[in-house]
Amino acid sequence: MKVTDFYCALGIFLLILADSALCQFLRTESTWKSNGHNNHTNVTCDKHLSHFEDASKDFTTQLLLNAVPVTYCNKSVKQYLRFEETYKDLLTAVDRTNVSCKDIYFNVDRLGVVETIYNQLHQMWLVGFCDDCYANVSSASLSNTTKDFYYYLESIQQCISDNKASDPCLKCMGSYQKLNDFFDGIKKEKEDRICFDLQDAMNRTRIKWSVELNCCRDRNSSLLFFYIISGLIGILPGIFYLVVFIWQRHQERYDLLTDDQDITASAETGSASIQNVSPNHEESQPGPSRVNTSLPTDDSGDASKKKAQQSVDESDDDMIANYSK
């Protein structure tokens, strides 16, 4: 009986010990899950890193293949979701030895290669406002705005393709106007934070419409008229100052000639007065023999007159030359 009781007691003890160990394991598992370590599997951290590497490579390839024209928001969403999933697994996984993969690959040096690669690729998705294309990114379901835009875009593209031989500008004006108005509406609503796939498609459509098809002829005519008016307004001040300058020069020359004429007239008047007074004065003054003598007449008056006129003309020419300079 004693041996039997001993084995019974030992069995009960072992059961209690096993139950305690099981409870401890479950509590530990629950703690890991609550801390985000819900990937406690037999997959090693190296394997998780390899998965992230493959996903990063696939996403990068899609970015490059859909860079021109920009369509990577729509065509690389599956690769993007896989990229995000593998990064989350790497960040939260715990391997079979209870070592967190985060402790191995993150915050271990200044470079932070894994985190840097993730941030740069993730930034490409953000700067393109790719989330705006979708109503739910995780399910890759497009928003109604995106669907409507592509409907109008396909309509104008099909219209242009069908009317290449005729006049696409005339026949597709309605379709183009609908697309343009719709895009302007969502642009105003979202303040330019529009999925870049839509922005690039709209820009290329506008370039094709206005440059390749030359469907903005009326606008070009109005712009030409605007340029002409602007040019005329720009040169009017120059013309005004040129006219004022010419008028001033003319006025100065006129005043100069008037002054010269006045000087010449004064000189002639003075010379005539001297000629009229000198003979009478000489006749009223007798000589020593009480005989009126008269000096012989000569052309000295005319010579003085000519000399004065020549001096005035030379002065006039010098002044005019100085003003011309």
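The structure contained in this document is the topic of the report that follows. (Residues numbered from 1 in each chain as written. Predicted model: local features only at pLDDT ≥ 70, side-chain atom pairs only at ≥ 80, totals over all residues. Heavy atoms only, no water.)

Quick look at the overall build of the protein chain
What the protein chain contains, in helices and strands, is twelve helices and four strands. A burial count over the protein chain gives 25% of its 325 residues as buried. (Helix = DSSP H or I, 4+ residues; strand = E, 2+ residues; numbered from the N terminus. Buried < 20%, exposed > 50% of the residue type's maximum accessible area, 1.4 Å probe, protein only.)

Quick word on helix H7 (residues 144-162)
In this model H7 runs 27 Å from its N-terminal to its C-terminal C-alpha over 19 residues, within 8% of the 27 Å that 1.5 Å per residue would give. All buried positions along H7 are accounted for by Thr146, Phe149, Leu153, Ile156, Cys159 and Ile160. Projected down its long axis, H7 carries its buried residues within an arc of 160 degrees, all on one side. In H7, the exposed residues that point more than 90 degrees away from the buried face are Asn144, Tyr151, Glu154 and Asp162. Check the buried side of H7 and you find it contacts strand E4 (141-142), helix H8 (168-171), helix H9 (173-190) and helix H10 (196-212). (Expected span 1.5 Å × (residues − 1). Arc of directions from axis to C-beta. Contact = heavy atoms within 4.5 Å.)

Thoughts on the packing of aromatic side chains
Across all of its chains, the model carries 14 aromatic pairs by this definition. The interplanar angle of 80 degrees and the centroid separation of 5.8 Å between the aromatic rings of Tyr87 and Phe106 together place this pair among those described as edge-to-face. Of this pair, Tyr87 sits in helix H4 (residues 77-92) while Phe106 sits in the loop between helix H5 (101-105) and helix H6 (113-127), and the two are 19 residues apart along the sequence. A connected cluster of aromatic rings, assembled from ring pairs, spans Phe52, Phe59, Tyr80, Phe83, Tyr87, Phe106, Tyr118, Trp125 and Tyr134. (Phe/Tyr/Trp six-rings, centres within 6.5 Å; stacked < 30°, edge-to-face > 60°.)

Let's talk about the state of the cysteines
Here a disulfide denotes one covalent bond, and it connects the sulfur atoms of two cysteines. Under the counting rule described, the total for this entry stands at five disulfides. What links to what in the protein chain: the bonded cysteines, counted in sequence order, pair as 1-3, 2-4, 5-9, 6-8, 7-10. For Cys216, which is in no disulfide, the shortest distance to another cysteine sulfur is to Cys215 and amounts to 6.8 Å. Given the relative accessible area of 17%, Cys216 is considered buried. (Disulfide = S-S within 2.5 Å.)

Here's the deal with the packing of H9 against H10
Between H9 and H10, the least distance of the axes is 11 Å, while the angle of their chain directions is 145 degrees. The element H9 and its partner H10 pack so that their crossing is left-handed. In contact with Met173, Tyr176, Leu179, Asn180, Phe183, Asp184 and Ile186 of H9, H10 contributes Leu198, Gln199, Met202, Thr205, Arg206 and Trp209. Here the residues of the contact of H9 with H10 are counted per class, giving eight nonpolar, three polar and two charged. (Axes fitted to C-alpha atoms, helices over the stretch in contact; angles between N-to-C directions. Left-handed = near helix turned anticlockwise from the far one by under 90°. Nonpolar A, V, L, I, M, F, W, Y, C, P; charged D, E, K, R; others polar.)

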